[in-house]
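# Structural features, examined
Each chain, letter by letter, is given below.
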Amino acid sequence: MSSLFGHKKHYHQSATMVESASPSPNQAEVILVGCGCPLRGMGWYHAVQMLGNECPSAKLCHIVEPWFLGPGADGPGGPEFASFQANTVEKDGVIFHKSLADVPSVADGVKRLALISGRTMDNPRLLGEAIAAGCSVIYLEKPGATTVAELKSMKKQAADANVQICMGYNKNVCKYVRNAREFAASTDDSHVTFVSNNTYENTPESLGECFERNAEGMLKNMAIHELALLASFYDVTVDNIASVIVDKEFSSMQTFTGPSGKEFTDFDKIKFTINTKTGKAVSVQADRCGGDTSYAMVADADGKELFRHSMPDEEDKANVSVLEAKYPGAMPYFFSQDQDYVTVKERVAKLCATGEEAKDIATIDIAISVLKLLNTLRP
């Protein structure tokens, strides 16, 4: 019982429990590593999407949750996790474990995928454990690891085991990104700007709390998805940068006091254009107080706007309303990016199950390029 259900008090087996979940021949057997607290953890949202059959190529069979099946069982979120565990075991046959080492060996003919959604600092260890557990594809949340050296080591470890790594940079598959790229490709001398906005109030109190909670900085925290777009689609690497032009009129760096009383210095907004040695140019704009809409904009050679697609659009907003009613109290960003999370998981699961290319999904090489860019673009 200890491996299957963590703590005996969490769940008592009943005669009505369904058989253990198993994949069909055209599905990947998914191990979710790091579920987190229901309504709060990204891993939990990945789980409910797969349990709802929103990713047809993914069959969630195992959940590894070291914290809530260990020292966090009696702390905040523990009872909510225990309830989610009991329901998921009974209704879906998913097996819960405290560690990847407790997951049974992969069955003959089964393609196993690990979706790792825990702390970034744990990823190098968890990648090794997922390889040992027989996973042929591993999905890592961004940024994958804390250093370039770690990512390079992980890349080699996976390559030596013939394991593929995919990254959860979900803006790579966003509708607004795709539409802007397609419009730009059909328009001569066009220029794309990717705009990312947050909804913090423009006050010392609000930005002080933001700067402290996201102490890694705006580029590493907020604009990292945009840097992944640049690395994925515009050949932006450290070695290929010809110039970085900062829009000093728009950009702003400030120092505020956080809730702890410590001071933090960061950008509250920034805009820059990168020109590559191979002749491409692309811009990024990020604003902590810019509002609740992010977008991609295409302009002509004179800077006149020709096209804009925003997120969320009307279709997205309608889906958000449905999800707010379905999961009251969940993190709002789950809902606005719901379909992008589905798309990334489905493409990665299909790669695992059938070998089909995971179109536009970021690779470990993109993750390495992004961290190198972050080290180069320091303020």
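Moving on to the overall build of the protein. Assigned secondary structure in the protein consists of 13 helices and 13 strands. Principal-axis analysis of the C-alpha atoms places the extent of the protein at approximately 70 × 45 × 40 Å. Taking all contacts inside the protein whose residues are at least 6 apart in sequence as the whole, residues at least 24 apart take part in 75%. Accessible surface, the protein as shown: approximately 17300 Å² in total, 50% of it carbon and sulfur.

Here we take up helix α7 (residues 204-213). Burial in α7 covers these residues: Ser206, Leu207, Gly208, Cys210 and Phe211. Structurally, α7 contributes buried residues whose contacts are with β9 (252-257) and β10 (263-276).

Applying the stated criterion across every chain yields a total of 16 salt bridges. A salt bridge links Lys350 to Glu356, with the shortest nitrogen-to-oxygen separation between them at 3.9 Å. Given the relative accessible area of 32%, Lys350 is considered partly exposed. A cluster of three or more residues bridged by salt bridges with shared partners is formed by Arg119, Asp122, Arg125 and Glu129.

Turning to the sheet that holds strand β4 (residues 112-116), a few remarks are in order. Strand order in this open sheet of six strands is β3-β2-β1-β4-β5-β6, and the pairing throughout is parallel. Of all the strands in the sheet, just β3 (95-97) and β6 (164-167) have a single pairing partner and so form its edges. Going from strand to strand, the sheet's axes swing by 25° on average, the running direction of each strand aside. Where strand β2 (residues 58-64) lies against β3, three bridges are found, and the strand directions are parallel. Paired with His62 across the strands is Ile95, a residue of β3.

Here the focus is the packing of aromatic side chains. Scanning all chains against the criterion turns up 14 aromatic pairs. Centroid distance Phe68 to Phe81: 5.4 Å. Interplanar angle 20°. Geometry classified as stacked. Here the residue Phe68 occupies a position in the loop between β2 and α3 (78-92), and Phe81 occupies one in helix α3, the gap between them amounting to 13 residues. Side by side, Phe68 and Phe81 carry an identical accessibility label, which is buried. Look at Phe81 and Phe96: their rings are 5.8 Å apart centre to centre, the planes differ by 80°, and that puts the pair in the edge-to-face class. Highlighted residues: Phe81 in helix α3 and Phe96 in strand β3, separated in sequence by 15 residues. A residue is classified by how much of its surface remains accessible, and Phe81, at 0% relative accessible area, is buried. For Phe96, a relative accessible area of 0% gives the class buried. By way of ring pairs, the aromatic residues Trp44, Tyr45, Tyr327, Tyr333, Phe334, Phe335 and Tyr341 are connected into one cluster. The ring centre of Phe233 lies 3.6 Å from the NZ or CZ of Arg181, which sits over that ring. One cation-aromatic arrangement involves Arg308 over Tyr295; the distance from NZ or CZ to the ring centre is 3.9 Å.

Averaged over all residues, the pLDDT of the protein is 94; the fraction at 70 or higher stands at 95%. The low-confidence segment residues 1-15, where pLDDT is below 50, has 34 contacts with residues more than four positions distant or belonging to other chains.

Here the focus is the environment of Gly208. Checked against the element boundaries, Gly208 lands in helix α7. Taking relative accessible area as the criterion, Gly208 reaches 0% and is therefore assigned buried. Gly208 has contacts with Phe256, Thr257, Gly258 and Pro259, leaving out every residue within four places of it along the chain.

The residue Ser294 is located in strand β12 (residues 294-299) in this model. Discounting chain neighbours no more than four positions away, the residues touching Ser294 are Tyr176, Val195, Ser196, Asn197, His309, Ser310 and Met311.

Rules and cut-offs
- Residues numbered from 1 in each chain as written.
- Predicted model: local features only at pLDDT ≥ 70, side-chain atom pairs only at ≥ 80, totals over all residues.
- Heavy atoms only, no water.
- Helix = DSSP H or I, 4+ residues; strand = E, 2+ residues; numbered from the N terminus.
- Contact = heavy atoms within 4.5 Å.
- Areas by Shrake-Rupley, 256 points an atom, 1.4 Å probe, with all protein chains shown as cover.
- Buried < 20%, exposed > 50% of the residue type's maximum accessible area, 1.4 Å probe, protein only.
- Salt bridge = Lys/Arg side-chain N within 4 Å of Asp/Glu carboxyl O.
- Pairing = 2+ DSSP bridges.
- Axes fitted to C-alpha atoms, helices over the stretch in contact; angles between N-to-C directions.
- Phe/Tyr/Trp six-rings, centres within 6.5 Å; stacked < 30°, edge-to-face > 60°.
- Lys NZ or Arg CZ within 6 Å of the ring centre and 35° of its normal.
- pLDDT = per-residue confidence, 0-100.

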